[in-house]
Every structure is written in structure tokens, then in C-alpha cells.
Amino acid sequence: MNVLICVKRVPMTGGKIVLTEDEQAIETRHLGFTISPHEECGVEEAARLIEAHGGESVVLTLGPPEAEEQLRECMAIGADRGILLVAEGAEWDAQATAAAIVEAIRAEDVEYDLIVFGNESADTGGYQVGIRVAYALGLPCVTGLKGLTVEDGRARCEQEVPGGRDVYVVPLPAVVTVKEGLNLPRYPSVPAKLRAQRKPVATSTPARRDSRLEKVRLALPPGQGKSAEILGHGPEAAPAVVEVMRGLGVA
Amino acid sequence: MSVLVLVEPGDELSLQALALARSLGGPVHAVSVGAPAEVAADVLHVAELEGSYAPGAWATAVTELVERLSPEVVVAAGSDRGNEVLAHVAARLDLPLAANCTEVRGDEVTRVRWGGSLLEQARVHAPLKLLTVAPYAVAAEAAGAASSVETFAPALSEADLAVRVSERVETASAGVSLTDAKVVVSGGRGVGSAEGFAIIEELAGLLGGAVGCSRVVTSAGWRPHADQVGQTGTKVSPDLYIACGISGATQHIAGCKGAKKILAINDDPEASILAHADYAVIGNLHEIVPAISAELRKARGT
């Protein structure tokens, strides 16, 4: 089977987000980059499916040229090759992103049995690119997967809901969006990282559509930088802690 | 200007979506699928649909009303279903969707990014605005009865039902759930090992609370993902959240900022978590956590 996993390069924000002066982006000069934990599980799941069923797993991203770094990381986990759609200009909205991904999928020689997205991206969190791609390709889409079994040309998809799991069974090809917890992604070995450096990446530059959800500016939410009341140092603080718990009615 | 709101019966987030819809002025039409929701809308439209959840069928219920009522805004809760159904509607109508908004002013919305660690002001370029409401950003409206109720039967295609819940697997509940707990005691990297969580479990047990953890912990395999509090884990809202050995990455804060009070136990007085905490104890959690448990026992005379 052939599996495509779509990922997005995002900064590792650490403990505190700092904005650029023009309030258009996160200040990333001192930050590393990664992909969403949801997507990492998608890459791992794609690798496992190929190990079990044979075929090819391909990782795709739309982003700056530097996003090749994330493709290499995904290929170290298991993807066989990469597709880099270089996004020109300002931030691409969900519609533009989905359109570019659809074009790239149509341009491929392979037919994908499963197209995987994270349930939502770590940064913009639009909750929609996977669904838009599914509509454009005329495929079913199941979202928020925490369990996936592929058998006899069908995908059994499990979604976590309060009190249990909802099960969906859809025929392949299909689009799925996954959540962290689907699996525990492996740590790539050093040889796997070296192999990933030699795997092919196809780069293209799709035409940009105008944003219809256009970012105006970013802002930090109010109430940042509380200063915590220090109840004490070490185990001697225990009585003060219990006092606070009583005050809150939880002790 | 009329507004259409997708609501679910017995759903708090739907009542928040309704409150935001109401703030836009103009008549509020609500739509619920399968059963009437207890919402004080001007008109409640109940889509007659039998059987389990199917996002495509719900989307058809919404798009039929969009055609009939020509609303200027369609609102849904920022829940898994609300976001999913409106994404279907957006894909079908080729319209932008602004997910998880906190505020709407004309063509501009404020929405959350990074699980709430960042806000975005965005302009929606569309004649019909589709948006979902970020959970707990807007005070919920009280449940009530709609002024009038109309039922309708959406005309479904086969494709609308291609994706549908075919089975519900119940999970046996073990103890207090993270989402309902009044107290959550969470451990991070500082706990050091899977075994290290014994003291966290002990304190949670004494407080009748639940055990949580940070992403580092689940990635290391010390705890199952179900225990993870964070942007890609569970979002909790206890009366007291106790963060033990957790540095306070934005990924984690996105999951615990709904807590009424946060107590941080950390050996680093400069840790980011302190900028989000109400109380802190500085020092070694392996000494402090058992001391709190002992103090609780002493106070209870057990």
C-alpha cells in the first residue's frame, strides 16, 4: 500500500512565546523547529503500515525551503521519500494549503491508499486541511484517530470520545487525521538518520492563492507573567501547602 | 443580520457558541441534529436524522439551512464535532473557516493559535462567515427553550453517510477522570522515572484527584498518553492543578491553563511554569510531595 503523510514545520516554542516587532510572527531566531506531535504519530503509523503491508510511505510538507529539515526527520522515522512544496510569500491559509497539496497529489504517479494529516496543526490549529483535501479528491475522511487497523482494503478507525471510542470503517483510499496517542513514535537511530539524508526529496513551487482567512496581527493573550506566591522551600513548606488546599476546599 | 448556530443537546460548548452568536445581533437560528437541544434561540431547527453521528449528514443539515435562511454567519462550538462539521461545510461551499474564535467584530475575528498560547487577529474575506468558538472563551448562555421549533428532513446523499460511527466501544473507567477531577497532580521530567510516579499517585489518591503528566513523560513511556495534559493531550480544568517537576512549555500550559489555581513544585525558581502558577514551592519534589501527603494524613489523624 502507499501512504502519504502531510506535516508542517513549526517552531519549538519552549516556555514563552516572543513575537517579532511587526507582530506578524513568532520570533524564531533562537528556536529550533519541529512538527506537531499529532503528525509525528502519523509518520510513525505510516512507517508501521508499510512495514506490515509493504509499499511506500511518502512525507509531504508545504513550507519554507528550510522545511526540508523536517522531511529528513520524518524520513529518519521511516518515510521513503519527501515532497517539499515551497510556500512563497506570507503565511498560507488553509484553503491555499489544501489546494497546493491536492495539486501535488494529483501530479504524483502513485495512487495513495491512505492520506494522513495531523488532526490540527500545532501553530494555526485550523482543523480543516485534511477535510478539504478529502473533498477535493472525493475521498472519505475520518478525523481524530487514536486507533487504526488496515485490512482487506478497509480502514477501521477509532476516535476517542467521552466514555469510550467511536469506530468508523471506511473503504480505501481514504483521508485520515490522527492525534497523538495513536502510537508511541520511535526514536530514529543514527543509521536511520544517515539513510534519511540520502533519500530523495522532490521540490516544487506551487502558485499561491490569496488568503481568505488573512492574518492581521498576532498578540499574546492577557494575563501573562503571573508571579507565583512562594509558599516555601523544601518539605518544610508542606503545612503552608495544606493550608492553601483547605482554603480552596480541596484538602 | 441572521446567524445560524449548530448546537448539540446537553453540550456546554454549544451554549458558549450560542452566546457568541447572540452577541452579533440579529435573529439567532439554531440547528440540532436528531434531537432538539435546550437552547433559547429565536428558531430551533431540528434535523430529522436517525442513527449514529455522520459528519457529512450533519454538514448537509447545515448547508440546507444556509441555502434556505441565507445567514451571514454560521457558528459552531470549538469541539471536535463542531470543528469537523464546519470544516465539511467550508469545503463544500469553498469558504474560509475561522476555527476557535474568541471574538468577532465585523469582518475581523480573534482566534486562538498554539492551543491558546497565542491570539491571532484575522480578516475573513467571504460573504458568509464560518466560525467555531474557542472552548471557555465566552461565557455560556443559560439553557432554555426556543421561541419556535421547526423540524426538517435533510435530503441526504449516499456520500453523506459514507463516514459514520458504526460502533461505540465503552471504556471501563478507572478512578477519577482527568477532565472531571477537582484536583490534578501532574508530574514532568523532574519525576525522573515511571516508578517516581508512586508519590504523585499517593498525593492524588489522598486528594481524590487524578494523575496527569507532561509530554516528556509520555514520550519516555513512563505514563500512558491518556494521562498527558497538554495541547495534544487532555485539557483539564480542576480547582487545583499541582505541577511537579514540570518546566512549563507552552504545549503543557495549553492543557492546564483552565485550572482555577496552579501550584508549581519545582527546584528551578526560574522555570517558566512559575509565570503561570498562583503558588509555588521551590525544592526537590521527591521530598516535598511525600511531605505534603504526610501533612494531609496528619491533619486527618490517619
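One structure accompanies this document, and this report is about it. As the structure is a computational prediction, the values presented were derived from the model and not from experiment.

### Observations concerning the packing of helix α2 (residues 68-77) of chain A against helix α5 (residues 190-198) of chain A
Residues and elements named next belong to chain A.
In step 1: Remark: α2 packs on α5, axes separated minimally by 8 Å, with the N-to-C direction vectors making an angle of 125°. By the angle class used here, α2 and α5 are oblique. Relative to α5, the crossing made by α2 is right-handed. Contacts from R72, M75 and A76 of α2 reach α5 at A192, K193, A196 and Q197.
In step 2: Residue composition of the contact of α2 with α5, grouped by class: 4 nonpolar, 1 polar and 2 charged.

### Looking at the sheet that holds strand β7 (residues 118-124) of chain B
Sheet strands associate in pairs through backbone hydrogen bonding, adopting either a parallel or an antiparallel arrangement.
In step 1: One open sheet accounts for 10 strands, arranged β12(A)-β7(B)-β6(B)-β5(B)-β8(B)-β4(B)-β1(B)-β2(B)-β3(B)-β9(B); its pairing is mixed. Looking along the sheet, the strands with just one partner apiece sit at the ends: β12 (213-219) of chain A together with β9 (148-152) of chain B. On average, each strand axis in the sheet is tilted by 35° relative to the strand beside it, whichever way the strands run.
In step 2: Where strand β5 (residues 97-105) of chain B and strand β6 (residues 108-113) of chain B come together, 4 bridges link them in antiparallel fashion. Among the inter-strand pairings, B:V104 is bridged to a residue of β6(B), identified as B:V109.

### Describing the environment of B:H29
In step 1: In this fold, B:H29 is placed in strand β2 (residues 28-33).
In step 2: Residues contacting B:H29, with those up to four places away along its chain left out, are B:S2, B:V3, B:L4, B:A41, B:D42, B:V43, B:H45, B:L65, B:L69 and B:P71.

### Side note on the environment of B:A41
All names here are of chain B.
In step 1: Following the sequence through the fold, A41 ends up in the loop between β2 and β3 (43-47).
In step 2: Accessibility expressed as a C-beta count within 10 Å gives 27 for A41, which makes it buried.
In step 3: In the structure, A41 is positioned 163 residues away from A204 in sequence and 42 Å away in space, judged by C-alpha atoms.

### Brief notes about the interface of chain A and chain B
In step 1: With 67 residues of chain A at the interface, the matching set in chain B holds 76 residues.
In step 2: Residue assignment for the side of chain A that touches chain B shows that the elements contributing at least two residues are α1 (37-53), α4 (129-137), β7 (141-151), β9 (164-171), β12, β13 (229-233) and α6 (238-247) of chain A.
In step 3: Taken together, the residues that form the side of chain A that touches chain B break down as 34 nonpolar, 19 polar and 14 charged.
In step 4: Pairing geometry for β13(A) and strand β15 (residues 279-282) of chain B, over 4 bridges, is parallel.

### Concerning the nonpolar core
In step 1: Grouped together as the largest cluster of nonpolar side chains are 178 residues, with contacts concentrated most on A:V116, A:V176, B:V5, B:A17 and B:A30.
In step 2: In terms of residue count, helix α3 (residues 94-107) of chain A provides more of this core than any other element does, 7 residues in total.
In step 3: Two domains each put at least three residues into this core: domain 1 (3-161) and domain 2 (183-300) of chain B.
In step 4: Apart from residues no more than four positions distant in its own chain, B:A17 is found in contact with B:V5, B:V7, B:V75, B:A76, B:A77, B:G82 and B:V133.

About the cut-offs
- Residues numbered from 1 in each chain as written.
- Chains lettered and ligands numbered in written order.
- Predicted model: local features only at pLDDT ≥ 70, side-chain atom pairs only at ≥ 80, totals over all residues.
- Axes fitted to C-alpha atoms, helices over the stretch in contact; angles between N-to-C directions.
- Helix = DSSP H or I, 4+ residues; strand = E, 2+ residues; numbered from the N terminus.
- Parallel < 35°, antiparallel > 145°, perpendicular 65-115°, else oblique.
- Left-handed = near helix turned anticlockwise from the far one by under 90°.
- Contact = placed C-beta atoms within 7 Å.
- Nonpolar A, V, L, I, M, F, W, Y, C, P; charged D, E, K, R; others polar.
- Pairing = 2+ DSSP bridges.
- Buried ≥ 20, exposed ≤ 12 C-beta atoms within 10 Å, placed from the backbone.
- Core = buried A, V, L, I, M, F, W, Y, C linked by C-beta atoms within 7 Å.
- Domains from an automatic or database assignment.

Honestly, it's all geometry; don't read function into it.
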